[in-house]
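Below are the chains, spelled out letter by letter.
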Amino acid sequence: MTTIPVLDWSQRATDPDGFAAALGAACRDPGFFLLAGHPVPADVIDRTFAQARAFFALPEFEKAPLGILRNPHNRGWAAEGTERLDRDSGAVDRKQAFNVGLDLAANDPRVLAAEPFRGVNVWPDALPAFRDATLAYYGAAWQLGVAVMRVIARDLALPDTFFDGHFDAPLATLRLLSYPPATGAQGEIGAGAHTDYGAITLLLTDGEPGLQVRPRGEDWTDVPHVPGAFVVNIGDCLMRWSNDTYVSTPHRVLPPARARQSIAFFLDPNPDSVIEALPGTGDARYPPVTGADYLRSRLDATYEPEPAR
């Protein structure tokens, strides 16, 4: 059975080539690793978990105006029953979520021009500290994500800063997630089997079990919990970009025994970035596509349409 490696971010400073090689090996197979010793402050993490708990505890009438199905920019609240990540089984995910994107003002030229996914964030009026907490987390995770992409560039024999220009105004999403306790119903799932859409995902959980991965040729296996460490995985966009050098591995969340909370940061590239086979990866297996077009194709397959009113 594949072991998901634990990497220590501090090795990047002392042995950058060795760290890049270890990270690259994890990206090739199993497509997941745990990242300890990272620079995201513990107080930023704790505040965001606290605000997420407070938000999901709000009554539905407070959350409904922020509904993601009303928002064309992938922002806001996803109610339980609005997503089905596993299209093959047809099972509806049993979770709530809240999405925060790149924070733009209403008069930002990109917003006024109605560029893809360029909109303003939405915020719960009942939680005045929510905005500052989540944006601090977004900024710290974004910075770490770009740094991880520099390690990936090194592993792929590219200049360390190769990806920097693709992530300076990214379609990155901070997603707060809440899973209720299992009911024992037949076919129940927290989050259906899927692969992520973007370049990399940085995930923190509260330690409640449930996350499983299915490496190539193997059965489902639990992802271990290392307190304070990010679970990092490769998304389909980077698998495509690397011309299948890296692997995007299916994963799912089983219905937890107790309420479960996690925070995911999905690092997608800039909307106009062209995703095509990287230098040195051989003949292209996929046609070029922009970051915005690729994200739209994936989101359209995820959400159930909002019921008629």
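Calculation rules
Residues numbered from 1 in each chain as written. Predicted model: local features only at pLDDT ≥ 70, side-chain atom pairs only at ≥ 80, totals over all residues. Heavy atoms only, no water. 1 Å grid on protein atoms, 1.4 Å probe; cavity = no way out; pocket = protein on both sides within 12 Å on 5 of 7 lines; lining within 4 Å. Points joined across faces, edges and corners; volume = space filled by probe spheres on them. Helix = DSSP H or I, 4+ residues; strand = E, 2+ residues; numbered from the N terminus. Nonpolar A, V, L, I, M, F, W, Y, C, P; charged D, E, K, R; others polar. Phe/Tyr/Trp six-rings, centres within 6.5 Å; stacked < 30°, edge-to-face > 60°. Buried < 20%, exposed > 50% of the residue type's maximum accessible area, 1.4 Å probe, protein only. Core = buried A, V, L, I, M, F, W, Y, C linked by side-chain atoms within 4.5 Å. Contact = heavy atoms within 4.5 Å. Polar contact = N/O pair within 3.5 Å; in protein donor to acceptor, adjacent residues only side chain to side chain. Salt bridge = Lys/Arg side-chain N within 4 Å of Asp/Glu carboxyl O. Pairing = 2+ DSSP bridges.

The subject of this paragraph is empty space enclosed by the protein. Across all of its chains, the model carries two cavities of 30 Å³ or more by this definition. A volume near 460 Å³ is recorded for the largest cavity. Around the largest cavity, the lining comprises 32 residues; the ones closest to its centre are Arg175, His194, Asp196, Ala264 and Phe266. Elements represented by at least two residues in the lining of the largest cavity include exactly β5 (173–179), β6 (191–194), β7 (200–205), β10 (230–234), β11 (251–253), β12 (260–267) and α8 (291–300). Here the residues of the lining of the largest cavity sort into 15 nonpolar, 11 polar and six charged. Of the volumes computed, that of the second largest cavity is approximately 80 Å³.

Once that is clear, we can look at the packing of aromatic side chains. Overall, the coordinates contain 11 aromatic pairs when judged by the stated rule. Measuring from centroid to centroid gives 6.1 Å for Tyr138 and Trp142, while their planes differ by 80°, and the two rings are edge-to-face. With Tyr138 and Trp142 both in helix α6 (residues 130–155) and four residues apart, the pair spans about one turn of that helix. Judged by relative accessible area, Trp142 falls into the partly exposed class, the value being 22%. For the pair Phe167 and Trp241, a centre-to-centre distance of 6.1 Å together with 45° between the ring planes defines the contact as tilted. Taken together, the positions of Phe167 in the loop between α6 and β5 and Trp241 in helix α7 (residues 236–241) put the pair 74 residues apart, joining distant regions of the chain. Taking relative accessible area as the criterion, Trp241 reaches 2% and is therefore assigned buried.

Side chains of nonpolar character tend, in soluble globular proteins, to be buried together. Within the largest apolar cluster, 65 residues are counted, with the highest numbers of intra-cluster contacts made by Leu35 and Ile152. The element best represented in this core is α6, accounting for 13 residues. The residues contacting Leu35, other than those within four sequence positions of it, are Leu7, Trp9, Phe19, Leu144, Val148, Ala229, Phe230 and Val232. Formed by 23 residues, the second largest nonpolar core is a distinct cluster that contains Ala191, Val231, Val253 and Leu295.

With respect to the helices and strands, the residue Gln96 is situated in strand β4 (residues 96–100). At 2.8 Å, the side chain of Gln96 forms a polar contact with the side chain of Trp77.

Within the structure shown, the criterion is met by 16 salt bridges. As a salt-bridge pair, Asp155 and Arg28 come within 2.7 Å of each other at their nearest N and O atoms. On the criterion of sequence distance, the pair formed by Asp155 in helix α6 and Arg28 in helix α2 (residues 16–28) is long-range, its members being 127 residues apart. When its relative accessible area of 18% is taken as the criterion, Asp155 is described as buried. When its relative accessible area of 32% is taken as the criterion, Arg28 is described as partly exposed. When the shortest N-O distance is used, the salt bridge between Lys95 and Asp93 registers 2.6 Å. The two residues Lys95 and Asp93 agree in class, both being buried. Within this structure, Glu83, Asp93, Lys95 and Arg175 form a network of salt bridges that share partners.

Hydrogen bonds along the backbone pair up the strands of a sheet, which may run parallel or antiparallel. Taking strand neighbours across the sheet as the criterion, the four strands line up as β6-β11-β8-β9 in an open arrangement whose pairing is antiparallel. Unpaired on one side and paired on the other, β6 and β9 (221–222) mark the two borders of the sheet. The sheet contact formed by β6 and β11 spans two bridges and is antiparallel. If you follow Ala191 over to β11, its bridge partner there is Val253.

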